[in-house]
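Fold and geometry: a report
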Amino acid sequence: MKKFFLSLMISVFMFSNAIALDEIKFGAGMKQDLFKKFSEELGVALSYKPVSPAEPYGITGFDIGLEVSAINIDDKYWNNAVKDLNAPSYLPVPKIHAIKGLPFGIDIGVVYSQVPGSNIKYYGGELKYAIIEGGALYPALAVRGTYTQLSGVSELDFKTYGAEATISKGFGVGAKITPYAGVGMNYFKSTPKGDAASPLGLKEETFSKPKAYVGARLNILLLTLTGEVEYNNVTPVYSLKAGLSF
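For the structure shown, the criterion picks out 14 salt bridges. Across the pair Glu 155 and Lys 25 runs a salt bridge, and its minimum N-O distance is 2.7 Å. Of the two residues, Glu 155 is situated in the loop between β5 (140-151) and β6 (156-168) and Lys 25 in the loop between α1 (2-18) and α2 (32-46); the sequence distance between them amounts to 130 residues. Residue classification places Glu 155 among the buried residues on the basis of a relative accessible area of 4%.

What follows covers the packing of aromatic side chains. As enumerated under the stated definition, the model contains 9 aromatic pairs in all. Taken together, a centroid distance of 5.7 Å and an interplanar angle of 75 degrees make the contact between Phe 26 and Phe 35 edge-to-face. Phe 35 matches Phe 26 in its accessibility class, with the two residues each being buried. Plain terms: the ring middles of Phe 188 and Phe 207 are 5.1 Å apart, the flat faces sit at 50 degrees to each other, and that makes the pair tilted. Here Phe 188 is found in strand β7 (residues 175-192), whereas its partner Phe 207 is found in strand β8 (residues 205-220), with 19 residues between them in sequence. Both residues of the pair, Phe 188 and Phe 207, belong to the buried class. Ring pairing ties together the aromatic residues Phe 26, Phe 35, Phe 38 and Trp 78, which thus form one cluster. Above the ring of Phe 171, the side-chain terminus of Lys 169 is found at 4.8 Å from the ring centroid.

Taken together, 10 strands build a closed barrel; the order of strands is β1-β2-β3-β4-β5-β6-β7-β8-β9-β10 and the barrel is antiparallel. When strand polarity is set aside, the average angle formed by the axes of neighbouring strands in this sheet is 20 degrees. Across 16 bridges, the pairing between β7 and β8 is antiparallel. Within β8, the residue paired with Tyr 180 across the bridge is Gly 215.

Under the definition given, this model contains 1 cavity of 30 Å³ or more. The calculated volume of the largest cavity comes to roughly 30 Å³. Around the largest cavity, the lining residues are Val 44, Ser 47, Asn 186, Phe 188, Lys 209, Pro 210, Lys 211, Glu 230 and Asn 232. For the lining of the largest cavity, the secondary structure elements donating two or more residues are β7, β8 and β9 (223-232). Of all the elements, β8 adds the most residues to the lining of the largest cavity, at 3 residues. Here the lining of the largest cavity is built from residues that sort into 3 nonpolar, 3 polar and 3 charged.

Rules and cut-offs
- Residues numbered from 1 in each chain as written.
- Predicted model: local features only at pLDDT ≥ 70, side-chain atom pairs only at ≥ 80, totals over all residues.
- Heavy atoms only, no water.
- Salt bridge = Lys/Arg side-chain N within 4 Å of Asp/Glu carboxyl O.
- Helix = DSSP H or I, 4+ residues; strand = E, 2+ residues; numbered from the N terminus.
- Buried < 20%, exposed > 50% of the residue type's maximum accessible area, 1.4 Å probe, protein only.
- Phe/Tyr/Trp six-rings, centres within 6.5 Å; stacked < 30°, edge-to-face > 60°.
- Lys NZ or Arg CZ within 6 Å of the ring centre and 35° of its normal.
- Pairing = 2+ DSSP bridges.
- Axes fitted to C-alpha atoms, helices over the stretch in contact; angles between N-to-C directions.
- 1 Å grid on protein atoms, 1.4 Å probe; cavity = no way out; pocket = protein on both sides within 12 Å on 5 of 7 lines; lining within 4 Å.
- Points joined across faces, edges and corners; volume = space filled by probe spheres on them.
- Nonpolar A, V, L, I, M, F, W, Y, C, P; charged D, E, K, R; others polar.

All we've got here are geometric facts, nothing functional implied.
This is how it looks when you write it as structure tokens:
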């Protein structure tokens, strides 16, 4: 089972590098309407993905894993946003993701990502509170606040904020599967800098997008494998995480 988890994540990360994105560098063809659409897709890609159930980890609980999200991107918006003017069809976003349980049903989480071949880096975090911690006969219910910040791109400052509610219920002993679902809203702030602001003349875009997601986590002893799909009105996001949880 350990070899399966390791092989799976190595395969996913090799796929990520095979379709690597070039550096973000806005070309002369990037106009304000294209910049807005580009920012919407970038925001959906970089917004915080929980990839975990609602139930709290508890004061001794900890979860750490390798994670990859992927979204379909539109070259009409992205070709003028990358240095080689040739964006791939999918944007892979590999990450390191860790969650620590605290008292009173509270969890905190952090994530860090660097997109292969690109200057896109970002970090973020979450604060989750379990209103209902869940049990053998009833599900867990939690609310979560999130934040991410782009770094590494000299021509763009990008932030995301999120608020959501999520529910989950685990089944099984030994090998345990925990389906979960959630709904929420993400808020984005995309601010051009440097050459993107002048001479290109691009202006700041701020907007919000609703989201809904479903997923499931499989626990086998300390090993976990979690898959999640996020739906929004831009493009779906598919995420996979493998790691250790205790």
